[in-house]
Amino acid sequence: MTATWRNWARTERSKPAVEVAPRSIEQITLAVERARETGHTVKAIGASHSFTAIGATDGIRVSMESMRGLVDVDLERGRVKLWAGTHLWELPSILQPLGLALANMGDIDRQTISGAISTGTHGTGLALGGLSTQVVGASLITGSGELIEIDDEHNVELLPAVALGLGALGVLVTVTIQCVPRFLLNAVEAPAPLERVLDQFEELNRGADHFEFYWFPHTESTRTKTNTRLPIDAGARPLGTVSRFVDEEVVNNVMLGAVVGFERLAPSTTPKINRAIETISSSRDYCDESHRVFITRRRVRFREMEYALPFEAVPTAIRELRELIERKKYRISFPVEVRTAAADNLLLSTAHGRESGYIAVHRYWRDSDHDYFREAEAVLKAHDGRPHWGKMHTRDADSLRETYPKFDEFLAIRDRLDPDRVFANPYLERVLGK
């Protein structure tokens, strides 16, 4: 009897008919062949950190937990080949001895490398793309059970689709990542007035390697994070053990959990509490290895919707969100997060063909939505927004085709690699069609 699958945010669940945990490529192939023989579908699953049902299945669930670690390394070109089930949190121990690092990261590292690239996980930095843009090769098992290689010499035309494939093209077995030499990040975190940040949004992003900000609704200020890339020998100034523990565990997890839990029971207090937090926001300046600066430990569960907008549209959209929240009298305890990314050429990348700004809205996982996400989505969609594939949204294939110039090109590759829809599920049928 199989267990019910649930994602991290507890927004989705499914009951697979069969669960397998392969330890070899051959065993993955057998799972795909069995699915074809029995009429089941197949979904590979990693850390289940997506907020959508992209990994849900009532067919065969393939856990990649045993397919982890380093497969091969090309030090001359700075490339590593990883088993697809490797978690992002495992990468520093793999890459540091090789003198390498990821060029950019998001602020959560619980995902697997395959799950992160398949949903378009990204960090921030207007000159840098999301994690999928660092993919230079992959191997996957198609809907016919064939193992194919995608790299500089094999099936190179498939890379713009496979590097961000939504799990719709096959089971990723290995992923090859283009890395960079290890580097430090000098991090400056400080409060700043919201209107000033919005007025200077372009300047702040173009003048920094990595810039992002958080805005707590019902306040007029933000918390900004500006990271500058430095050589590994520039001299680190890491946070002390106590300081890191207080900031990341006590403030970001214990206190946040207590505050949002209280606000859930007494939502009318949310504006006052947010404004009280605003008055005690402090600054800090430190320098450490890149992954230690990029990553923040998040243990308080939440729900999230994130949209990618044309970069220049972000300030207007944030002001419209602020007006929406006040007009509708929503009580929002979690911050709105704003990041950026460079344009890229991946077929279904949220940053395809344009510099992009990302606006993410959140709610505590136990909160009632009260239409906040639906109304916020309307604001973001109106600016030609594209939803993050791994976060909550309501868009369908007809709607998404309008904003993705290469949408039908991706579908043609899907028809080639999975004509019988062995890797389909209701989420993919909604966003890609049948």
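Residues numbered from 1 in each chain as written. Predicted model: local features only at pLDDT ≥ 70, side-chain atom pairs only at ≥ 80, totals over all residues. Heavy atoms only, no water.

J.: Even after reading the chapter, I still don't get the packing of aromatic side chains, so can you show me in this structure?
T.: Inspection of every chain in the model, using the stated rule, returns 11 aromatic pairs. Ring geometry for W8 versus F51: centroids 6.2 Å apart, planes at 85°, classification edge-to-face. Residue W8 is located in the loop between β1 (5-6) and β2 (13-14), and its partner F51 is located in the loop between β4 (42-45) and β5 (60-63); the two are separated by 43 residues in the primary sequence. In terms of burial, W8 and F51 fall into one category: buried. For R229, the ring lying beneath its charged end belongs to F183, and the centroid distance is 4.0 Å. (Phe/Tyr/Trp six-rings, centres within 6.5 Å; stacked < 30°, edge-to-face > 60°. Helix = DSSP H or I, 4+ residues; strand = E, 2+ residues; numbered from the N terminus. Buried < 20%, exposed > 50% of the residue type's maximum accessible area, 1.4 Å probe, protein only. Lys NZ or Arg CZ within 6 Å of the ring centre and 35° of its normal.)

J.: Help me out: how do you make sense of the sheet that holds strand β6 (residues 70-74) in this one?
T.: Sheet architecture is open: 5 strands sit in the order β6-β7-β11-β9-β10, paired in antiparallel fashion. Edge strands, defined here as strands with exactly one partner in the open sheet, are β6 and β10 (147-150). This sheet shows a mean twist of 10° between the axes of neighbouring strands, independent of strand direction. Where β6 lies against strand β7 (residues 79-83), 4 bridges are found, and the strand directions are antiparallel. (Pairing = 2+ DSSP bridges. Axes fitted to C-alpha atoms, helices over the stretch in contact; angles between N-to-C directions.)

J.: Explain the side chain of E90 here, please?
T.: Tracing the backbone shows E90 in the loop between β7 and α2 (91-95). A relative accessible area of 14% places E90 in the buried class. Residues in contact with E90, not counting those within four places in the same chain, are R68 and G85. (Contact = heavy atoms within 4.5 Å.)

J.: Quick question: what am I supposed to make of the nonpolar core here?
T.: Where a protein is soluble and globular, its nonpolar side chains tend to be buried together. Counting residues in hydrophobic clusters, the biggest one holds 77 residues, and the most contacted among them are I177, W389 and L432. Counting residues in each nonpolar core, the second largest holds 32 residues, with A192, F211, Y372 and L380 among its members. (Core = buried A, V, L, I, M, F, W, Y, C linked by side-chain atoms within 4.5 Å.)

J.: Mind showing me how you'd approach helix α1 (residues 25-38) here?
T.: Residue pairs three or four apart in sequence face the same way in an α-helix, which turns once every 3.6 residues. Between its terminal C-alpha atoms α1 stretches 20 Å, which fits the 20 Å expected from 14 residues at 1.5 Å a residue. Burial in α1 covers these residues: I28, T29, A31, V32 and A35. All buried residues of α1 lie within an arc of 155° about the axis, which places them on one face of the element. Exposed residues on α1 whose side chains face more than 90 degrees from its buried face are E26, L30 and E37. Where the residues of α1 are buried, they touch β3 (18-20), β4, β5, β9 (135-141) and β11 (171-178). Looking one or two residues beyond α1, the residue adopting positive phi is G39, at roughly 80°. (Expected span 1.5 Å × (residues − 1). Arc of directions from axis to C-beta.)

J.: I keep staring at a nonpolar patch on the surface and nothing clicks. Help me out?
T.: On the surface, L70, V73 and L75 cluster together into a nonpolar patch covering about 230 Å² of accessible area. As for its placement among the helices and strands, L75 is situated in the loop between β6 and β7. Looking at L75, the relative accessible area reads 53%, which means it is exposed. (Patch = residues over 30% accessible without salt bridge, like charges linked within 9 Å, V, L, I, M, F, W, Y side chains within 5 Å. Areas by Shrake-Rupley, 256 points an atom, 1.4 Å probe, with all protein chains shown as cover. Salt bridge = Lys/Arg side-chain N within 4 Å of Asp/Glu carboxyl O.)

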